2 protein chains.
Amino acid sequence: MNFKIIDGGVTAPKGFKAAGIAAGIKKSGKDMALIVSQQSSAVAGVFTTNKVQAAPVLLCKAVTAAGKASAIIINSGNANACTGAKGSEAAALMAEFTAAGLGVEPSQVLVCSTGAIGVSLPMDIVEEGVLSITGAASVEGGQAAAEAIMTTDTVSKTAAVQLEIDGKTVTIGGMAKGAGMIEPNMATMLAFLTTDADVNQSDLQECLTAASNVSFNRISVDGDQSTNDTVLFLANGMAGNSSLNKGHADWASFVAAVETVAMDLAVKIVKDGEGATKFVTVNVRGAQDNIDALKVCRAIANSLLVKTSWFGEDPNWGRVIDAVGYSGAELDPQKIDIYYDDFCAVKDGCSAGPDVIEGIAKVIAGEEFSLSVDLNLGDGADTVYACDCSYEYVKINSEYTT
Amino acid sequence: MNFKIIDGGVTAPKGFKAAGIAAGIKKSGKDMALIVSQQSSAVAGVFTTNKVQAAPVLLCKAVTAAGKASAIIINSGNANACTGAKGSEAAALMAEFTAAGLGVEPSQVLVCSTGAIGVSLPMDIVEEGVLSITGAASVEGGQAAAEAIMTTDTVSKTAAVQLEIDGKTVTIGGMAKGAGMIEPNMATMLAFLTTDADVNQSDLQECLTAASNVSFNRISVDGDQSTNDTVLFLANGMAGNSSLNKGHADWASFVAAVETVAMDLAVKIVKDGEGATKFVTVNVRGAQDNIDALKVCRAIANSLLVKTSWFGEDPNWGRVIDAVGYSGAELDPQKIDIYYDDFCAVKDGCSAGPDVIEGIAKVIAGEEFSLSVDLNLGDGADTVYACDCSYEYVKINSEYTT
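Residues numbered from 1 in each chain as written. Chains lettered and ligands numbered in written order. Predicted model: local features only at pLDDT ≥ 70, side-chain atom pairs only at ≥ 80, totals over all residues. Heavy atoms only, no water.

Concerning the overall build of chain A
Put simply, the rule reads: Numbered from the N terminus, helices here are DSSP runs of H or I no shorter than four residues, and strands are runs of E no shorter than two. Throughout this description, buried means an accessible area under 20% of the type-specific maximum (1.4 Å probe, protein chains only), exposed means over 50%, and partly exposed covers the range between. The contact definition used throughout considers only heavy atoms, calling two residues in contact when any of these lie within 4.5 Å. Per-residue accessibility takes into account occlusion by the displayed protein chains alone, with areas from the Shrake-Rupley method and a 1.4 Å probe.
When its secondary structure is counted, chain A shows 11 helices and 16 strands. Dimensions along the principal axes, computed over C-alpha positions, put chain A at roughly 70 × 50 × 35 Å. Evaluated residue by residue, chain A yields a buried proportion of 62% over its 402 residues. Within chain A, counting contacts between residues at least 6 apart in sequence, those at least 24 apart form 80% of the total. Taken as a whole, chain A presents about 13400 Å² of accessible surface, with 50% of it coming from carbon and sulfur.

Here is the structure:
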């Protein structure tokens, strides 16, 4: 690919500043982040498909539909979900406070929240925080912003790549947070991408949707899909390239570069999944079609029995084939093959030989491995990135305070 | 209801004997059970819907389709699943050995297996075990049989009821095992019902299907559906009643009595779910239809975040409404009400008041409580019985040996 991975996050592209501060919404630590573009940007968004959607998600959908934005204000520690009319008002106020601090229109401000559901935002604290953060944004602030959106995450997550378009250097940056309620169709997952490329808005949306489908929509920590999942992408055009669109000679390179940033962030979310000790790439091929392949991927990636066996390094292919069987995909039990990395464990639906247990055990002792199922029926294929389920996951989620 | 709950299990009805022995399939403990009817019985069965089905499931389906059986031979410690042609042969041999020992036709013997997937049965041990168990069946053997089918179960599970039909005392008995891979559509769950009632075979099947749908198909431990789930019901007619069928005046009483036994066993399976510390009745009402109500029940009952919050006694209604939102059911987020026992926690999709956290905490501190969701849309309703997800669940399933 004709692009290179660079250090940095959302402020790597030209004309973006960011900040992260401790506003006091959480008991301790950073809990408010801001991303600002020097110029109004084309904006694209991908949102949770949960029918219960938080107030900020509804606000972001409206701004994204209008197509332009200058800033994203984000808080952690409170999801502003299931908070009724008061919650919608709070999200609108967050946009207004931010717009006032930055000197832009409120309609140019996107709002994201993550944290506990059903608790009203403390608006006095929010107002004071926004006042402070709008004065603090800087090119150096990308890292602080990435830290401020963390909830149960143990590490901050950023990524950036650079490529040439029309002889101009175009940069794409990003940051994201996990780490629970992570399910294939968006989760309490927030991800923010920025670029200085000039990109046609509707094509930007198409690019983000495609990139999300192979990255953020193919990860699973616990199978729970959140009320607040949001991926936003701002393109401010400051790289000076001729406007990118689907017809542009470099479009494929740009999309590949965006996918690289999205995939890097998505993998970081899974690796930092609550309590995760293993990173597992679940491949399915030979399915009747791609839809069936995805069903099998998800059945395996979301099976509690499979995930706990990974944690225990139990070479238990029986739980995998069991999940394949209830996935809902078309299959012939006597045609199923299963591989751990390159080791064939199951052939024609049965144990592939006397050394299978030992062979699987060797592979799953590693921190990263792949599990590949071949249904030997057709050309359908897909991949989902998953982690195991450990004591620590139960600990985090039984002790996490509402 | 005009029936009474009595002590006992599968040998409570007239003409049934049972036994449970340690044949040596497991490293230690009882691992083989037998149920024998003095007369050939009408038989009904309900089986896993997993597309990967164990050899004994396929054998039981064939015998059940023929309509008559005299005995059920069961082993724990090995599921005889994903064992290919050799596995089918092993299941057939188990029936043959049993038939020879009892002096009945092999076509009259049902076979069930539970345990590890993908391992061939040690047929020499099985043959010796069957030889021994067929000589050991007695009216007192019901309890030993219930113990011999246990895998990760911590207690054996039996139930029995008695009612009068045509002035004759009719008894229904049962036994079951859990305790993991328990999902609404049958799991590594085996349940066996017996009755001395004389019942028309096709109506017996209808009765068992109906009873399973409100009991065994409404429980969830971990959302994993097994390759071996089986519920069998033998009716040997020795009570001397006039043959029961759907037109009989006492049919409804008989069905209610069967449901009582099935429900009692199903509840015992959930309460003994792997690592379970809480028993939660998840009710949904006001759904557009019953199908939607069941979707919401299952989304809640299978949510890892909800289950870990129950374990931690975290008063986290946000995770519940989140699961409602991704259940796939039609809903209006602003019409959702949620109750913990009789305590209203969520009204119109928002917190019902300032004392909600305290109120929920009080209810979920108990070992048993109900969680009721009202979608306020229509008349659809359903109920699923669930347990929490604890450290112990992870321990059991990460250490369980293939």
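Read on for the rest.
Here's the deal with the interface of chain B and chain A
By a widespread convention, an interface's size corresponds to the accessible area lost as its parts come together. As a reminder of what qualifies: Buried area: the accessible area, evaluated with a 1.4 Å probe, that two parts lose upon being put together, summed over both parts. The working definition used for a salt bridge is a side-chain nitrogen of Lys or Arg within 4 Å of a carboxyl oxygen of Asp or Glu. Residue classes follow a fixed rule: Ala, Val, Leu, Ile, Met, Phe, Trp, Tyr, Cys and Pro count as nonpolar, while Asp, Glu, Lys and Arg count as charged, and any other residue, Gly among them, counts as polar.
On the side of chain A, 54 residues touch chain B, which itself brings 54 residues to the contact. Where chain B abuts chain A, roughly 4300 Å² becomes buried across the two surfaces, and 60% of that area is made up of carbon and sulfur atoms. Across the chain B-chain A interface, the total number found is 2 salt bridges. A salt bridge links Glu330 of chain B to Lys51 of chain A, with the shortest nitrogen-to-oxygen separation between them at 3.9 Å. Sorting the residues of the side of chain B that touches chain A by element identifies helix H8 (304-311), helix H9 (317-326), strand S14 (350-351) and helix H11 (391-399) of chain B as the ones contributing at least two each. Looking at the side of chain B that touches chain A residue by residue, the class counts come to 22 nonpolar, 23 polar and 9 charged.

Details of the sheet that holds strand S16 (residues 380-387) of chain A
Residues and elements named next belong to chain A. Worth spelling out the cut-off: Between any two strands, at least two bridges found by DSSP are needed for them to pair. Working convention: axes come from line fits to C-alpha atoms, limited for helices to the stretch in contact. Angles between N-to-C directions cover 0 to 180 degrees.
Taken in spatial order, the 7 strands make up an open sheet running S9-S16-S11-S15-S12-S13-S14, and their pairing is mixed. The open sheet has two free edges, formed respectively by strand S9 (219-220) and strand S14 (350-351), since each of these has just one partner strand. Packing against the sheet, helix H9 (residues 317-326) makes contact with strand S12 (337-340), strand S13 (343-347), S14 and strand S15 (368-374), and its axis sits at approximately 130° to S12.

Here we look at the packing of helix H7 (residues 290-302) of chain B against H9 of chain B
Residue and element names in this part refer to chain B. Selection rule: Any angle that falls under 35 degrees is termed roughly parallel, while one over 145 is termed roughly antiparallel, one within 65 to 115 roughly perpendicular, and all others oblique. Crossing handedness is read from the near helix: turned anticlockwise from the far helix by less than a right angle, it gives a left-handed crossing, and turned clockwise, a right-handed one.
Following both chains from N to C, one finds H7 and H9 inclined at 135°, their axes separated by 8 Å at the closest point. As far as their axial angle goes, H9 and H7 are oblique. Here H7 runs over H9; the crossing is right-handed. Contact residues: Val296, Ala299 and Ile300 in H7; Val320, Ala323, Val324 and Tyr326 in H9.

Some words on the packing of helix H2 (residues 84-102) of chain A against helix H3 (residues 123-134) of chain A
All names here are of chain A. Here H2 crosses H3 at 25°, and the two axes come no closer than 9 Å. Comparing their axes, H3 and H2 come out roughly parallel. Like other packed secondary-structure pairs, H2 and H3 cross with a definite hand, here right-handed. Judged by residue contacts, Ala90, Leu93, Met94, Phe97, Thr98, Gly101 and Leu102 of H2 engage Met123, Val126, Glu127, Val130 and Thr134 from H3. When its residues are assigned to classes, the contact of H2 with H3 shows 8 nonpolar, 3 polar and 1 charged.

Brief notes about the environment of Tyr393 of chain B
When you line up the elements, Tyr393 of chain B lands in helix H11. Classification of Tyr393 of chain B by relative accessible area gives buried; the value is 2%.

Looking at the relation of the copies chain B and chain A
Basically, it comes down to this: Superposing the copies works by least squares over the C-alpha atoms of residues that have pLDDT at least 70 in both of them.
The operation relating chain B to chain A is a screw motion whose rotation component is 180°, with 0.0 Å of axial translation and a residual RMSD of 0.0 Å. In short, the pair behaves as if placed about a two-fold rotation axis. Of every C-alpha in chain B, the one belonging to Tyr391 of chain B sits nearest the axis of rotation, 2.7 Å from it. The overlap is high: 100% of the interface residues of chain B also sit at the interface in chain A, so the same surface is used on both sides.

A look at the pairing of S13 of chain A
Residue and element names in this part refer to chain A. Alignment of S12 against S13, held across 3 bridges, turns out to be antiparallel. Directly across from Tyr339, in S13, lies its bridge partner Cys344. Where S13 meets S14, 2 bridges bridge the pair, whose relative direction is antiparallel. For Val346, the partnering residue across the bridge sits in S14 and is Ser351. Following S13, the chain reverses through 2 residues before pairing antiparallel with S14; Asp348 in that reversal takes a positive phi of roughly 55°.

Re the sheet that holds S14 of chain B
Residues and elements named next belong to chain B. If you walk across this open sheet you meet the 7 strands as S9-S16-S11-S15-S12-S13-S14, and the pairing is mixed. Where the open sheet ends on each side, the last strands, each with one partner, are strand S9 (219-220) and S14. Bridging between strand S11 (residues 279-287) and strand S16 (residues 380-387) involves 7 bridges; their strand directions are antiparallel. Its bridge partner being in S16, Phe279 is matched across the sheet by Cys387. The strands that H7 touches are S9, S11, strand S15 (368-374) and S16; relative to S16, the one it contacts most, it runs at about 20°.

Comments concerning the confidence of the model for chain A
Residues and elements named next belong to chain A. Going by this rule: On a scale of 0 to 100, pLDDT captures the predictor's confidence in every residue.
Overall, the prediction assigns chain A a mean pLDDT of 90, with 95% of residues at 70 or greater. Long-range and interchain partners of residues 183-187, a stretch whose pLDDT sits below 50, account for 33 contacts in this model, where long-range means more than four residues apart. Interface predicted TM-score (ipTM) for the complex: 0.74; the corresponding pTM is 0.81.

A few points about the domain arrangement of chain A
Residue and element names in this part refer to chain A. Convention followed: Bear in mind that the domain bounds are from an automatic or database domain assignment.
Domain boundaries in chain A define domain 1 (3-271) and domain 2 (279-398). Here domain 1 and domain 2 have C-alpha centroids that lie 33 Å from each other. The partner domain 2 presents 15 residues to the 16 residues of domain 1 that form the contact. Taking both sides of the interface into account, the surface hidden between domain 1 and domain 2 amounts to around 1300 Å²; carbon and sulfur atoms contribute 56%. Area buried by domain 1 at its contact with domain 2 is led by Arg218, Ser220 and Val270, which between them contribute 42% of it. Scanning the region where domain 1 abuts domain 2 turns up 2 salt bridges. For Asp382, the salt bridge identified is with Arg218, shortest N-O distance 2.9 Å.

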